[in-house]
Structure formats: structure tokens, C-alpha cells
Amino acid sequence: MKNREERPTNLDRGATQQVFDFGDEAEPTLPANFLRPEATDPAFADTPSLSVSPDADLMTQVVDPRNLEQAWRRVKRNRGAPGPDGMTIREFESWCPEHWPAIQQQLLDGTYRPAPVRRKTIPKDGGGERLLGIPNVLDRFIQQAIAQVLTPIFDPDFSESSFGFRPGRSAQGAAKRVQQIIRQRHAHCIDVDLSKFFDRVQHDVLMSRVSRKVHDVCLLRLIGRYLRAGVLVEGVIQSTDEGSPQGGPLSPLLSNILLDDLDKELERRRLKFVRYADDFVIFVRSERSAQRVFSSVQRYLTQVLKLVVNEQKSSVGLSRDCEYLGFAFTGKRVTITVSPKKLKAFKRRIKELTGRSRGISMQRRLTELNRYVRGWIGYFGLAQQFDLFVNLDGWIRRRIRMCYWKQWRRPRTKVRNLVRLGVPLKMAILHAISRKSYWRLSRTPATRIAMPNKWLANLGLLSLKQLWCDLAPLRGTA
């Protein structure tokens, strides 16, 4: 998914869960450089919707102890990387109880000012880079608390065709919905790509939509400050006059609030569509309709929502050629499969993890491999490709046998290990002195006898086929 935070190698796994007391306490003495009591400018000016509603005290709900405890559990479970201040989740646990009363008072007074986010770039599958903004743990905590208060306000009115970052919805649900639409003989697909959506969101356009249902001026100003907090790039703070940086808990909800207007417009036109965050596809029955819809939707996005459409990556084509969220839809029965691009990326990653020249132990190699395989099949377990996962299983096992063969290195070591694992001495010697490649020898009778499937399973190697079978309920009616 697009809104995932960078995870460091020193994850705070196994750390003791500390329970914070978010009740009212006396304000402690804080470092001079921590508190910033000065107020900021409003998130946007000259907007009538900023008038205070008597019953709209949402900031009090944000700092409610029950809401804060739930927000902390979510932040703790996500185990994000440190922000610009370098504070980890574990360090924040001991830092927060002393400083929270003063921070809470700043939030209620409207004087709290978020810190800039740390810039992190990650490569995209199709080339280029995606820009992430990693907030400090404190700001992630506050954003999560805000998101928990705003979600019940906005989510019930979101479109049924919106699946991204919503309770009870997932990418698998979006893929199933695409399958249903194509089966209804919508033969043409419009795939619209928004160019750097999270980096080009106009703050005034976004905040005007937030203020339709949020009338708490204090909360609106805080959201505006988060949008304008800036980004730290190589030690230099850069202003953020536009965009909602990916990486914080609040960004996905804000994206759904902005694009909900698009959903309502498509529903008004009675069009079939599926949207997951900023990734959406529209389905029609004829090519002529597809061209007309693409032009009108492009105008709406650019003129009303002030977004930029990437015409090079946007396309109009047949539904049978559609690839969405890593899934492809093939055949007359519109079977959900893993897209060729994602399958290629999976094999490339497996080759990296099972590279025979990596100087790591086999136990660590298997641990890393299992972690990746479990996550991958957890996402693509919706695909109806039993034979594919069986073949991938065999390929992965062969690569593990190749790693063991390379690790044994010397002929004498190979003979000793082969005989110990049940290979006849003569066969072991012939294989040990062979000059054939490691890959070729990983599929010989000796290596299969010495390292059968059951032996690899006992070492802890997970089976894609078994994991796929365990996920049968996920496929349901797909």
C-alpha cells in the first residue's frame, strides 16, 4: 500500500506496553525549546465556514483519555521510524507522561505547532520515486487521535465504491468489485493517474471540504498547521505550500475527504468505478463513451479539485487488459490473477533474499524470506492461481537447496553433509566433485534426497501453497 511508513531495523518488538495516564495533571516544567506558545496564522483566511458551532467541541474529543489510549495503541503497533527529532517509540514511552499535560493544554488553547516531517524517498515499481514525510512520534500520535475523531464524521457518507484506508475495506475488496463490474459487460476501462497526488493537493481546496463538517476552529487550524508544517531535507526546512505528505496517520483520511467530491460526481453520472485512495478506474460499455468520460473527468479534476492528471500514465482500453492494485482480470469468467508486473517483482525480490553470495546465516535468510512470503501471499492470496503458487513453491525450495550447496563449499564438506542426510556415498562423491553450476546441481537426485520438502519445512520454510489454501475465505465469491 502507498501510505506505509519507513520501518527501521531496530524495531521496538517485544517492548513493554506502557499505559499512559492522560488525565488532568499539573503542568510540568519543560525545556524552553520544547514549548512553542506563539500562535500561528489560520489554516486559511476569509472562509465563512470557520464560524464556531456551539456543539462542535471536537478538540476536547481528540484529547479525551480513551481516544488517546486507543491512538497510542495504534501508533505503537505500527512501529514507525523516528522523525526529525530521532525519538523512537520506546523513548517516547518514557518521555510522554511528563510532557503530555503541557502539550494537551497547547492543543486546547490552539497554540500547538507541529514539527516538520522528515523526507524519505522510496522507489516506485514503474520507475521514479515516491516522497514520504515521516513525522515525529508525538505528531503521529496526535494525528492518529484526530483521525479517530474525524473518521466517524466523514466515513459514513463516503462512496460505496471507495475502498482505500477505510474501516472494514481493503484492496482485495476493491479487486472483487472490479471483477463484478467487468462481469456486468462493461468492456472498456478508463485508468486515470493523478500526478504526485499527495504532493500537489491544494490546501485551500482540501480545507474547504474538511470545514463542511468540522466547525471547531481550533481543530481546523491544527490540521492546517500540519499541512504547512514543512519538510526537513538534508538538514534544511523547506516550506510546504501544497500537498499532504504521505507518512502520517491523517493523510489517508484527508485524501478520501478531497476525492469524495469526485466519487459523488461519478455517482451523479451513474458511472461504474472503483477507487482506492488516489488510484481509481472507471468502466463503461463503449469506446466512444470511454473517451468522452476520460475528457470530462480530466476537466473536473483539474478545474474543480485543482489536481494534475498524468496523461502519459492514464489510459483508455479494454477491461480485459485492466490491471488494478497489482491484480489482473483474465478470461471469460474474469478470474483474478497476480499481474505480470507484480509477479516479476516478487521473483526479483526472492532472488535478492536467496542470493547465494549473501554473507548471512541460513536461519536469518529463512526468517527474512518467510516474512516477505507471508506478507506477499497475505495480499495476493485473493488470486485464483493454485498452479502458480505450487510452481513458485518448487522454485523457492530449489533456490534454498542452491544456497545450502554453495554454503557447504568444499567437496569434502559436501560429501559429509550428503551422507549424513541419507545420500549413498558413491552418489555423494560424484555430486561433490561435479563442476556443474550451483543452480544445476540444486535439482539433482542427491540434493533432493538430502533436502526433501519435509526437511525444508522442518527448518521453518513456509509453503506458498499451504498459505494460499489457508486464505480460502478471503477469495469468497471472487
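Residues numbered from 1 in each chain as written. Predicted model: local features only at pLDDT ≥ 70, side-chain atom pairs only at ≥ 80, totals over all residues. Heavy atoms only, no water.

Peer 1: Would you explain the pattern of salt bridges in this entry?
Peer 2: Between side chains of opposite charge, a pair can form as their charged atoms come close. Within this structure, the stated rule accounts for 14 salt bridges. Between Glu352 and Arg349 there is a salt bridge, with the nearest N and O atoms lying 2.9 Å from each other. Residue Glu352 and its partner Arg349 are located together in helix 11 (residues 340–353), separated by 3 residues, close to a single helical turn. Since its relative accessible area comes to 43%, Glu352 is described here as partly exposed. We classify Arg349 as partly exposed; its relative accessible area is 34%. By sharing partners, the salt bridges in this structure join Arg209, Arg212 and Asp261 into a single network. (Salt bridge = Lys/Arg side-chain N within 4 Å of Asp/Glu carboxyl O. Helix = DSSP H or I, 4+ residues; strand = E, 2+ residues; numbered from the N terminus. Buried < 20%, exposed > 50% of the residue type's maximum accessible area, 1.4 Å probe, protein only.)

Peer 1: Teacher, can you tell me more about helix 7 (residues 203–210) here?
Peer 2: For an α-helix the count is 3.6 residues per turn, leaving residues at separations of three or four pointing the same way. Taken across its 8 residues, helix 7 has 6 buried, putting it largely inside the fold. Buried within helix 7 are the following residues: His203, Val205, Leu206, Met207, Arg209 and Val210. Against helix 4 (137–154), helix 8 (217–227) and helix 9 (250–268) lie the buried residues of helix 7. (Contact = heavy atoms within 4.5 Å.)

Peer 1: Before we go on, may I ask you to explain the environment of Phe273 in this structure?
Peer 2: On the secondary structure map, Phe273 appears in strand 6 (residues 272–276). Residue Phe273 is classed as buried on the basis of its relative accessible area of 2%. Once the C-alpha coordinates of Phe273 and Arg177 are considered, the two residues, 96 residues apart in sequence, prove to be 8.8 Å apart. Excluding anything up to four places from it in sequence, Phe273 contacts Ser159, Ser161, Ile181, Asp263, Leu266, Glu267, Val281 and Ile282.

Peer 1: Can you walk me through the pairing of strand 6 in this structure?
Peer 2: For a regular strand, the rule is simple: side chains alternate between the two faces of the sheet. With 4 of its 5 residues buried, strand 6 lies for the most part within the structure. Pairing analysis gives 5 bridges linking strand 6 to strand 7 (residues 279–284), with the strands arranged antiparallel. Residue Val274 lies in a different strand from strand 7, and its bridge partner there is Val281. Between the antiparallel neighbours strand 6 and strand 7 lie 2 residues, among them Ala277 with a positive phi of about 60°. (Pairing = 2+ DSSP bridges.)

Peer 1: I would appreciate a short explanation of the sheet that holds strand 2 (residues 129–134) in the present structure.
Peer 2: Whether parallel or antiparallel, the strands of a sheet pair through hydrogen bonds between backbone atoms. The sheet built from 4 strands is open, its strands ordered 2-1-4-5 with mixed pairing. In this open sheet, the two strands that pair with only one neighbour each are strand 2 and strand 5 (236–238). Direction aside, neighbouring strands of the sheet carry axes that sit 45° apart on average. As paired strands, strand 1 (residues 117–123) and strand 2 are joined by 6 bridges and run antiparallel to one another. (Axes fitted to C-alpha atoms, helices over the stretch in contact; angles between N-to-C directions.)

Peer 1: Which parts of the structure should I look at to understand the packing of aromatic side chains?
Peer 2: The way to describe two aromatic rings as a pair is by their centre distance and the angle between their planes. As enumerated under the stated definition, the model contains 19 aromatic pairs in all. Three or more aromatic residues joined by ring pairs form one cluster here, namely Phe327, Phe346, Tyr372, Trp376, Tyr379, Phe380, Phe386, Phe389 and Trp468. Above the face of the Phe163 ring, Arg169 is positioned so that its terminal group lies 4.9 Å from the ring centre. Cation over ring: Arg349 sits above Tyr372, and NZ or CZ is 6.0 Å from the ring centre. (Phe/Tyr/Trp six-rings, centres within 6.5 Å; stacked < 30°, edge-to-face > 60°. Lys NZ or Arg CZ within 6 Å of the ring centre and 35° of its normal.)

Peer 1: Is there a simple way to think about the sheet that holds strand 9 (residues 323–324) in this case?
Peer 2: Within the open sheet, the 3 strands sit side by side as 9-10-11. Their pairing is antiparallel. Each having just a single partner strand, strand 9 and strand 11 (335–338) make up the two edges of the open sheet. Bridging between strand 9 and strand 10 (residues 327–330) involves 2 bridges; their strand directions are antiparallel. From the neighbouring strand, Tyr324 faces strand 10, where its bridge partner is Phe327.

Peer 1: Teacher, can you tell me more about unusual backbone geometry here?
Peer 2: Trans peptide bonds make up most of the peptide bonds, and negative phi angles are found at most residues other than glycine. Positive phi values are uncommon outside glycine, yet Arg185 reaches one of about 70°. For Ala277, which is not glycine, the phi torsion reads 60° and is therefore positive. Here Ala277 lies in the loop between strand 6 and strand 7. Take Ala277: its relative accessible area is 2%, and that puts it in the buried class.

Peer 1: Where do I start with the nonpolar core in this structure?
Peer 2: Among soluble globular proteins, nonpolar side chains are generally buried collectively. Among the nonpolar cores identified, the biggest contains 68 residues, and Ile142 and Leu301 are the most heavily contacted of them. At 10 residues, helix 4 tops the list of elements feeding residues into this core. Excluding anything up to four places from it in sequence, Ile142 contacts Trp100, Ile103, Leu107, Tyr112, Leu222 and Tyr226. By size, the runner-up hydrophobic cluster in this structure holds 59 residues, among which are Val178, Leu325, Trp405 and Trp468. (Core = buried A, V, L, I, M, F, W, Y, C linked by side-chain atoms within 4.5 Å.)

Peer 1: Is there a simple way to think about a nonpolar patch on the surface in this case?
Peer 2: On the surface, a cluster of nonpolar side chains totalling about 450 Å² of accessible area is made up of Val419, Leu425, Ile429, Leu430 and Ile433. Ranked by the residues each element gives to the nonpolar patch, the list is headed by helix 15 (residues 425–432), at 3 residues. Along the chain, Ile433 falls in the loop between helix 15 and helix 16 (438–441). Overall, Ile433 belongs to the exposed group, its relative accessible area being 56%. (Patch = residues over 30% accessible without salt bridge, like charges linked within 9 Å, V, L, I, M, F, W, Y side chains within 5 Å. Areas by Shrake-Rupley, 256 points an atom, 1.4 Å probe, with all protein chains shown as cover.)

Peer 1: For this particular structure, what's the right way to read the pairing of strand 10?
Peer 2: Hairpin connection between strand 9 and strand 10: a loop of 2 residues separates the two successive antiparallel strands, and Leu325 in this loop has a positive phi of roughly 55°. Counting the residues that bridge the hairpin from strand 10 to strand 11 gives 4 residues, and of these Gly331 lies at a positive phi of roughly 75°.

Peer 1: Would you explain helix 12 (residues 362–380) in this entry?
Peer 2: The terminal C-alpha atoms of helix 12 lie 26 Å apart, and with 19 residues this matches the ideal 27 Å at 1.5 Å per residue to within 8%. Where helix 12 is concerned, the buried positions are Met362, Arg365, Leu366, Glu368, Leu369, Asn370, Val373, Trp376, Ile377 and Phe380. Residues of helix 12 that are buried sit in contact with strand 10, strand 11, helix 11, helix 13 (386–408), helix 18 (453–459) and helix 19 (464–470). (Expected span 1.5 Å × (residues − 1).)

Peer 1: Looking at this structure, how should I read the packing of helix 12 against helix 13?
Peer 2: Two quantities define a packed helix pair, namely the angle between the helix axes and the distance between the axes. Where helix 12 contacts helix 13, the axes come no closer than 12 Å and their chain directions differ by 170°. With respect to helix 13, the axis of helix 12 lies roughly antiparallel. Facing helix 12, whose interface residues are Met362, Arg365, Leu366, Leu369, Val373, Trp376, Ile377 and Phe380, helix 13 presents Phe389, Leu392, Ile396, Ile400, Cys403, Tyr404 and Gln407. Here the contact of helix 12 with helix 13 is built from residues that sort into 13 nonpolar, 1 polar and 1 charged. (Parallel < 35°, antiparallel > 145°, perpendicular 65-115°, else oblique. Nonpolar A, V, L, I, M, F, W, Y, C, P; charged D, E, K, R; others polar.)

Peer 1: I'm lost on a positive patch on the surface in this one. Help?
Peer 2: A surface patch of like charges, here positive, comprises Arg409, Arg410, Arg412, Arg416 and Arg420. Counting through the fold element by element, Arg416 comes out in helix 14 (residues 411–420). (Lys, Arg positive; Asp, Glu negative; His and termini not counted. Charge placed at Lys NZ, Arg CZ, Asp CG, Glu CD.)

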